[in-house]
Amino acid sequence: MFTKQTTKSKAATIASFRVSHLIETIRRWTRQDIENEIRTIQNDIQLKCRASDATFWALVSTTKYPEIKKVALCIKSLFGSTYLCESAFSSMNIVKSKYRSTMTDAHLNDCMRLVLTKYTTNFNKLADDRQCQASH
């Protein structure tokens, strides 16, 4: 069942935990530590050769660059979770318009499943599988 307040409060709790964890990690750093890790990561030839934009943080070693990787992954995860939540609320607002405001929770839940799924129906295959009415 989709309820706006519960889902938003859960997302807010997760986001606030991540942000507070991020702030604690950054406070423990000194300016010199940050500059050293950034300089080292910029000059890492193996990392430059193997990494692309999509795989960069997966290839960064946690033992070599522990602090900067923690912060980067924490920041990266914030945007994905916010986007999914906002996308679901936007879809819910479209489904539950003023003309459909009397929709039951069960029907809204079914409509949200249809809206949020990545499944696409192959109508041509469905039509081909059906046998047309044979002439007499």
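Just so we're clear, the structure is a prediction, and the values are computed from it rather than from any experiment.

Draft legend 1. Layout of the overall build of the protein chain. Tallying secondary structure elements over the protein chain gives seven helices and zero strands in all. Sequence-ordered secondary structure for the protein chain, helices as α and strands as β, is α-α-α-α-α-α-α. When each of the 136 residues of the protein chain is scored for burial, the buried share is 20%. In the protein chain, the proportion of contacts linking residues at least 24 apart, taken out of those at least 6 apart, comes to 59%. Within the structure as shown, the protein chain displays about 11100 Å² of accessible surface, and the carbon and sulfur contribution to it stands at 57%.

Draft legend 2. How the structure looks around the pattern of salt bridges. Per the stated rule, a full pass over the model turns up two salt bridges. Here Asp 44 makes a salt bridge to Lys 64, at a shortest N to O gap of 3.4 Å. Placement of Asp 44 in the loop between α2 (31–42) and α3 (45–50) and of Lys 64 in the loop between α4 (56–59) and α5 (66–95) is noted, with a sequence separation of 20 residues between them.

Draft legend 3. Highlighting helix α6 (residues 105–116). In this model, α6 (12 residues) spans 16 Å end to end at C-alpha, consistent with the 16 Å of a helix rising 1.5 Å per residue. Leu 108, Asn 109, Cys 111 and Met 112 are the residues of α6 that are buried. Along α6, the residues classed as buried sweep out an arc of 165° about the axis, all on the same side. Turned more than 90 degrees off the buried face of α6, the exposed positions are Ala 106, Arg 113 and Leu 114.

Draft legend 4. Looking closely at the nonpolar core. One finds Leu 22, Trp 29, Ile 41, Leu 47, Val 60, Tyr 65, Ile 68, Val 71 and Cys 74 forming the largest nonpolar core, which totals nine residues. A per-element tally of this core places α5 first, with three residues. If we skip the residues at most four places from it in the chain, Tyr 65 touches Glu 37, Thr 40, Ile 41, Asp 44 and Val 60. Among the nonpolar cores identified, the runner-up in size contains eight residues, and Phe 89, Met 92, Val 95 and Met 103 belong to it.

Draft legend 5. The arrangement of the environment of Ser 61 in detail. With respect to the helices, strands and loops of the structure, Ser 61 is situated in the loop between α4 and α5. Taking the relative accessible area as the measure of exposure, Ser 61 reaches 25% and is therefore partly exposed. C-alpha of Ser 61 to C-alpha of Ile 41: the two residues are 20 residues apart in sequence and 9.8 Å apart in space. Of note is the side chain of Ser 61, whose polar atom sits 3.2 Å from the backbone nitrogen of Lys 64.

What counts, and at which threshold
- Residues numbered from 1 in each chain as written.
- Predicted model: local features only at pLDDT ≥ 70, side-chain atom pairs only at ≥ 80, totals over all residues.
- Heavy atoms only, no water.
- Helix = DSSP H or I, 4+ residues; strand = E, 2+ residues; numbered from the N terminus.
- Buried < 20%, exposed > 50% of the residue type's maximum accessible area, 1.4 Å probe, protein only.
- Contact = heavy atoms within 4.5 Å.
- Areas by Shrake-Rupley, 256 points an atom, 1.4 Å probe, with all protein chains shown as cover.
- Salt bridge = Lys/Arg side-chain N within 4 Å of Asp/Glu carboxyl O.
- Expected span 1.5 Å × (residues − 1).
- Arc of directions from axis to C-beta.
- Core = buried A, V, L, I, M, F, W, Y, C linked by side-chain atoms within 4.5 Å.
- Polar contact = N/O pair within 3.5 Å; in protein donor to acceptor, adjacent residues only side chain to side chain.

Geometry only, nothing functional implied.
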